[in-house]
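Architecture and fold: a report
Listed below are the residues making up each chain.
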Amino acid sequence: MQTLGFRRPNQVREAVYRHLKDLLLSGRFAPGERLSEPLLAQELGVSRTPVREALMRLAEEGLVELVPGRGARVRIFSPEEVEEVYGVRALLEGEAAREAALRATPWELADLEVRLRAIDEAPKEDYPEQMRRDLEFHRALVRLSGNKTLYRLYEDLLSSLALVRSTLPTLSQEEATRKEHQAILEALRRRDPEGAKRAVEAHVYRFRDLVVARLRKGGI
């Protein structure tokens, strides 16, 4: 297991939980990967107790599965669950893009473009970092809607979305993805709310179809 870059503060239990959750959401662990309690404790420099408690909390949140007699593993989503997650994402992010096209300022769109370029500037083989930057681009897009309720709902979905997305971690720098992201940005710049919504939906549904196809082929 790779070194996890953990710093031990006073609030050990909360810190271990936050750190493991961040690793899960960044795609550092693959779907179905076993999470060894003693190995994690050793890597983080803590006892097994806070690791066990963190895994239990993550299981309650639906990010980890506790398998009797076998310990913990990263949750694997079924094709039907993936379709649900991406369906909700399309609704939320599509509406966010529509609202953002009506209200985003030029400098906010410039910042969004910087985030878009950052995806391609990530190291070519560092897929978790590419995925993290990709998700940050989409979070920034949703924030541009100015709709706090919508953003809160999107944040609630983000954990499931990140785990589902880690099924195919190599897509962020693909040319098709690059073109879809650019189409979203261009629609926002044109102040085209329906065009921005359609661009987001096309992007989200393509990813949904790719992930579902991988799961149904038994690729996990």
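Basis of the calculations
- Residue numbers here run from 1 along each chain, matching the order of that chain's written sequence.
- Totals for whole chains, interfaces and linings use all residues, but because this is a predicted model, local features are given only for residues with pLDDT of at least 70 and pairs of side-chain atoms are given and counted only at 80 or more.
- Only heavy atoms go into the side-chain values, all of them from the structure, while hydrogens and water stay out.
- Numbering of helices and strands runs from the N terminus; a helix is a DSSP stretch of H or I covering at least four residues, while a strand is a stretch of E covering at least two.
- The contact rule is simple, with two residues in contact once any of their heavy atoms fall within 4.5 Å.
- To get an axis, a line is fitted to the C-alpha atoms, and for a helix only the part in contact is used. The angle between two axes follows their N-to-C directions and goes from 0 to 180 degrees.
- For this classification, under 35 degrees means roughly parallel, over 145 means roughly antiparallel, 65 to 115 means roughly perpendicular, and everything else is oblique.
- Ten residue types, Ala, Val, Leu, Ile, Met, Phe, Trp, Tyr, Cys and Pro, are classed as nonpolar, four, Asp, Glu, Lys and Arg, as charged, and the remainder, Gly among them, as polar.
- Bear in mind that the domain bounds are from an automatic or database domain assignment.
- Simply put, the buried area is the total loss of 1.4 Å probe accessible area from both parts when two parts are fitted together.
- When a carboxyl oxygen of Asp or Glu is within 4 Å of a side-chain nitrogen of Lys or Arg, the pair counts as a salt bridge.
- Polar contacts, as counted here, are pairs of nitrogen or oxygen atoms within 3.5 Å of one another; within protein the pair requires one atom able to donate a hydrogen and one able to accept it, and residues that are adjacent in sequence qualify only if both atoms are side-chain atoms.

With respect to the helices, strands and loops of the structure, Glu129 is situated in helix H6 (residues 127-143). Not counting chain neighbours up to four residues away, the residues in contact with Glu129 comprise Arg28 and Ala122.

Another aspect to go through is the packing of helix H5 (residues 106-121) against H6. Their axes nearest at 8 Å, the elements H5 and H6 cross at an angle of 170°. Viewed along their axes, H5 and H6 adopt a mutual orientation that is roughly antiparallel. Contact residues: Leu112, Arg115, Leu116, Ala118, Ile119 and Glu121 in H5; Gln130, Arg133, Asp134, Glu136, Phe137, Ala140, Leu141 and Arg143 in H6. In terms of residue class, the contact of H5 with H6 is built from seven nonpolar, one polar and six charged.

If you check the domain split of the protein, you get domain 1 (11-74) and domain 2 (79-217). Just the C-alpha atoms count here: the centres of domain 1 and domain 2 sit 27 Å apart. The interface of domain 1 with domain 2 comprises 10 residues on the first partner and 10 residues on the second. Contact between domain 1 and domain 2 buries roughly 800 Å² in total, counting both sides, with carbon and sulfur atoms accounting for 64%. Ranking the residues of domain 1 by area buried against domain 2 places Leu25, Arg28 and Pro31 at the top, with a combined share of 48%. Connecting domain 1 to domain 2 are one salt bridge. Element by element, the count of residues in the side of domain 1 that touches domain 2 is highest for helix H1 (residues 12-25), at three residues. Of the residues assigned to the side of domain 1 that touches domain 2, the class counts are five nonpolar, three polar and two charged.

With respect to the helices, strands and loops of the structure, Gln173 is situated in the loop between helix H7 (148-165) and helix H8 (175-189). Once the C-alpha coordinates of Gln173 and Ala122 are considered, the two residues, 51 residues apart in sequence, prove to be 8.9 Å apart. Each residue touching Gln173, except ones within four places of it in the same chain, is listed here: Ile119, Asp120, Ala122, Pro123, Lys124, Gln130 and Arg178. Polar side-chain contacts of Gln173 include one of 3.1 Å to the backbone oxygen of Ala122.

Okay, the side chain of Glu180 next. With respect to the helices, strands and loops of the structure, Glu180 is situated in helix H8. In this view, Glu180 contacts Ala202, His203, Arg206 and Phe207; residues no more than four positions away in its chain are not counted.

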